[in-house]
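Each chain, written out:
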Amino acid sequence: MELFITIALQVTGGLGMFLYGMDVMSKSFQEIAGNRLREIIHKMTSSTFRGILVGTFITAIIQSSSVTTVMVVGFVNASLMTLRQAIGIILGANIGATAIGWILAFKITEYGIPITGIGAFIFLFSKNQKRKKMALIFIGVGLIFLGLTLMKNGIDPLKDIPEFIKFFHVFSAESYNGVIMSAITGAALTSILQSSSATVGITMALATQGLITPKTSLALILGGNIGTTITAYLASLNTRPEAKRAAYAHILIKIVGVSLLLPFFYGYATLISKLSPPEKNISEYIALSHTLFNIGNALIFLPFISTLLSFLSKIGKDTKGGQEESYVTEKLYQFPLAALEKSRLEIVQMITRFKEDLHTFRNLIKRELPSGNSLVLFEGEKYQDDKKDSIFKNLTGLLHDTDSKEILKSIRMLLVLADTMESLGDYGASLGKIYKKAMNKKLILPENFTKQVDFYHEKIILSLENLEKIALKPDIKDIIREKKFCQDIANSLEFVDPLENVEYSEHIFMEILSKYRRINRHILFMLGSIQEEVELQLR
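Just so we're clear, the structure is a prediction, and the values are computed from it rather than from any experiment.

Q: Which residues make up the overall build of the protein, and what are the values?
A: Each helix and strand in the protein was counted, giving 24 helices and zero strands. Across the 539 residues of the protein, 54% fall into the buried class. Once local pairs closer than 6 in sequence are excluded, the contacts in the protein between residues at least 24 apart make up 81%. When the accessible surface of the protein is split by element, carbon and sulfur atoms take 61% of a total near 24,100 Å².

Written out as structure tokens, the structure reads:
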């Protein structure tokens with residue numbers, strides 16, 4: 001009994017150390033990559049092929065396909081990404097998740113203690129922040145190796161206990177029933193741990209000690225590929241239908257891939273054995289099988305993405321109308337740069353929507369649209385309110401989950417931008433009320449007034465377009481140039497006074513320009529907030 005308690009404690013401690021090391025290494029990589037990763041996340045919304053590359057790269061850094069796929073679900077739910085783009089990133093994430101297997105395959109796991117020690121020494125005595133972050137990567141890698149070594153040593157006594165040898169033979173992949181049993185076990189283990197990397201580590205520990213056969217290790221890894229989809233599925237439960245379909249795509253890709261391979265399992269095992277004989281390095285054998293399966297799966301699905309999209313369009317119906325994504329948000333805290341970029345892209349959506357509302361108003365007063373379109377301006381106000389609530393929920397939660405000064409500065413700036421954009425939504429509704437007043441009075445603005453509104457309208461639209469670019473990619477020179485442009489607009493609108501005792505048409509005209517002047521003031525304020533954040537980051 002005492003032996004079993006010792007084994008359980010050592011294996012549990014090793015697994016905990018392994019997972020903690022993964023977390024430390026991942027977060028440190030993210031902080032060092034910084035802006036480069038932010039740019040890569042932004043590019044996720046491009047082509048499918050680029051999505052595969054981005055998904056592979058991001059997951060190789062953060063070492064969690066679960067976080068990447070949860071991020072994709074969140075982005076699709078926020079309409080920041082299409083389902084086609086999401087599938088590309090999911091395929092890439094599956095490939096990137098195999099990187100940890102290669103790290104573990106190197107015969108350096110016994111150096112876990114010195115690697116951790118060197119990292120700790122640098123972290124404690126260095127005053128350079130970049131070196132400290134690099135040291136944390138060493139600590140993370142060292143803890144991963146230490147955890148794996150503890151697991152191996154912990155289960156070592158089991159190979160001398162006949163009852164356990166018999167138990168492990170039940171999962172032997174020497175028959176198709178055994179292959180299926182092993183795959184189910186791998187899927188269940190990964191679903192519980194929500195980490196395919198942990199399953200790879202445990203499988204390597206068991207295989208190294210000879211408790212499972214090489215073929216059994218391959219079957220466990222195949223099952224782990226299915227189990228890792230549980231996180232994205234949970235994230236999709238209270239989201240829009242399109243986000244649900246992104247999670248379903250992840251599940252289908254894995255299940256179909258494993259199902260296609262199972263009939264050829266023994267031929268696949270033979271191929272892996274020829275490429276990397278298990279008797280030489282069982283860990284390399286396992287890592288290679290994991291990588292080849294996911295690369296092959298991506299190549300198989302690439303030509304059939306349109307077919308997959310067609311199938312997905314028939315499922316994932318919205319039965320509850322849910323828009324919440326608390327699980328998505330909670331999981332994204334593991335990858336704060338993604339949470340920040342999601343909010344940044346949502347702010348750009350707010351700017352884009354406000355531009356559309358301004359165009360609607362301008363066309364209404366020029367009688368180029370039916371009066372019923374004024375409802376769009378009031379819907380726009382609600383749109384801005386909802387987006388602000390989503391961003392605040394995302395970022396205020398992240399505030400309590402990070403101690404990075406750079407991230408905290410970015411959060412503060414994005415909160416200011418979201419709040420200001422919500423105020424601009426109010427001005428959109430105010431313009432709608434001005435239009436209704438004019439309609440009730442059956443007022444048609446004189447041509448000289450509409451021309452002036454047009455003139456300032458185009459200037460404000462140009463400012464908003466530039467603000468979109470700056471919000472996505474802040475550049476100090478662009479910010480200063482745009483602030484000067486906004487100041488020129490403010491100076492040219494100094495004559496506006498809607499309180500003057502003038503005829504009604506001129507009063508309405510002055511009211512419109514007064515709103516444009518306030519909108520311009522808010523844009524100027526947003527530019528100042530972005531400039532402050534950029535300058536702080538440069539210090």
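Q: So what about the packing of helix α12 (residues 214-227) against helix α15 (residues 265-275)? Which residues, and what values?
A: Interaxial distance between α12 and α15 falls to 10 Å at its minimum, and their mutual angle equals 110 degrees. Looking at the two axes, α12 sits roughly perpendicular to α15. For α12 against α15, the interelement crossing comes out right-handed. Contacts between α12 and α15 pair Lys-215, Leu-218, Ala-219 and Leu-222 from the former with Phe-265, Tyr-266, Tyr-268, Ala-269 and Ile-272 from the latter. Here the residues of the contact of α12 with α15 sort into eight nonpolar, no polar and one charged.

Q: Run through helix α10 (residues 176-193), naming residues and quoting values.
A: Across its 18 residues, α10 extends 26 Å between first and last C-alpha, which sits within 8% of the 26 Å expected from 1.5 Å per residue. Within α10 the residues assigned to the buried category are Gly-178, Val-179, Ser-182, Ala-183, Gly-186, Ala-187 and Thr-190.

Q: Account for the environment of Asn-466, with residues named and values stated.
A: Relative to the helices and strands, Asn-466 is located in helix α22 (residues 447-472). Here the alpha-carbon distance between Asn-466 and Glu-482, two residues 16 residues apart in the chain, equals 7.4 Å. Engagement of the side chain of Asn-466 in a polar contact is seen with the side chain of Glu-482, the distance being 2.7 Å.

Q: Could you give an account of the pattern of salt bridges, naming the residues involved and the relevant values?
A: Any two side chains of opposite charge can pair, so long as their charged atoms come close to each other. Summed over all chains, the structure comprises 17 salt bridges. Of the charged contacts, one joins Arg-245 and Glu-242 as a salt bridge, the two residues approaching to 3.0 Å between their closest N and O atoms. Of this pair, Arg-245 and Glu-242 both sit in helix α14 (residues 241-261), three residues apart, which is roughly one turn of the helix. A single network of salt bridges, built from pairs that share partners, joins Arg-362, Lys-366, Glu-368, Asp-454 and Glu-458.

Q: Outline the environment of Asp-497, supporting the account with residue identities and numerical values.
A: In this fold, Asp-497 is placed in the loop between α23 (476-492) and α24 (504-538). Judged by relative accessible area, which is 28%, Asp-497 ranks as partly exposed. Sequence separation between Asp-497 and Met-510 is 13 residues, and the spatial gap between their C-alpha atoms is 6.1 Å.

Q: Quick rundown of helix α20 (residues 375-399)? Include the residues and the values.
A: Given a rise of 1.5 Å per residue, 25 residues ought to cover 36 Å, and the 36 Å separating the end C-alpha atoms of α20 matches this to within 8%. What α20 keeps buried is the set Leu-377, Gly-380, Gln-384, Lys-387, Lys-388, Ile-391, Asn-394, Leu-395, Gly-397 and Leu-398.

Q: I'd like a description of the packing of aromatic side chains, backed by residues and values.
A: A complete count under the given rule lists five aromatic pairs for this structure. With a centroid separation of 5.2 Å and an interplanar angle of 75 degrees, the aromatic rings of Tyr-176 and Tyr-266 are classed as edge-to-face. A residue pair is termed long-range when its members are at least 10 positions apart, and Tyr-176 in helix α10 and Tyr-266 in helix α15 qualify at 90 residues. Ring centres 5.1 Å apart and planes at 80 degrees place the aromatic pair Phe-455 and Tyr-456 in the edge-to-face group. Residue classification places Phe-455 among the partly exposed residues on the basis of a relative accessible area of 47%. Owing to a relative accessible area of 7%, Tyr-456 belongs among the buried residues under this scheme. Here a set of aromatic residues connected by ring pairs shows up, and it is made of Tyr-176, Phe-265 and Tyr-266. Above the ring of Phe-123, the side-chain terminus of Lys-132 is found at 4.5 Å from the ring centroid. Seen from the ring of Phe-392, Lys-388 lies directly overhead, with NZ or CZ sitting 5.0 Å from the centre.

Q: Summarise the environment of Tyr-504; cite the residues concerned and give the values.
A: Its location among the elements puts Tyr-504 in helix α24. The partly exposed category is assigned to Tyr-504, whose relative accessible area is 31%. As a C-alpha pair, Tyr-504 and Leu-445 span 59 residues in sequence and 9.8 Å in three-dimensional space. The residues contacting Tyr-504, other than those within four sequence positions of it, are Lys-437, Lys-441 and Leu-443.

Q: Break down the packing of helix α4 (residues 65-77) against helix α19 (residues 336-365) for me, with residues and values.
A: The interhelical angle for the contact between α4 and α19, taken along N-to-C directions, is 10 degrees, at an axis separation of 11 Å. Classified by the angle between their axes, α4 and α19 sit roughly parallel to one another. Contacts between α4 and α19 involve Met-71, Gly-74 and Phe-75 from the first element and Ala-338, Glu-341, Lys-342 and Leu-345 from the second. Within the contact of α4 with α19, the residues separate by chemical class into four nonpolar, one polar and two charged.

Rules used in this analysis
- Residues numbered from 1 in each chain as written.
- Predicted model: local features only at pLDDT ≥ 70, side-chain atom pairs only at ≥ 80, totals over all residues.
- Heavy atoms only, no water.
- Helix = DSSP H or I, 4+ residues; strand = E, 2+ residues; numbered from the N terminus.
- Buried < 20%, exposed > 50% of the residue type's maximum accessible area, 1.4 Å probe, protein only.
- Contact = heavy atoms within 4.5 Å.
- Areas by Shrake-Rupley, 256 points an atom, 1.4 Å probe, with all protein chains shown as cover.
- Axes fitted to C-alpha atoms, helices over the stretch in contact; angles between N-to-C directions.
- Parallel < 35°, antiparallel > 145°, perpendicular 65-115°, else oblique.
- Left-handed = near helix turned anticlockwise from the far one by under 90°.
- Nonpolar A, V, L, I, M, F, W, Y, C, P; charged D, E, K, R; others polar.
- Expected span 1.5 Å × (residues − 1).
- Polar contact = N/O pair within 3.5 Å; in protein donor to acceptor, adjacent residues only side chain to side chain.
- Salt bridge = Lys/Arg side-chain N within 4 Å of Asp/Glu carboxyl O.
- Phe/Tyr/Trp six-rings, centres within 6.5 Å; stacked < 30°, edge-to-face > 60°.
- Lys NZ or Arg CZ within 6 Å of the ring centre and 35° of its normal.

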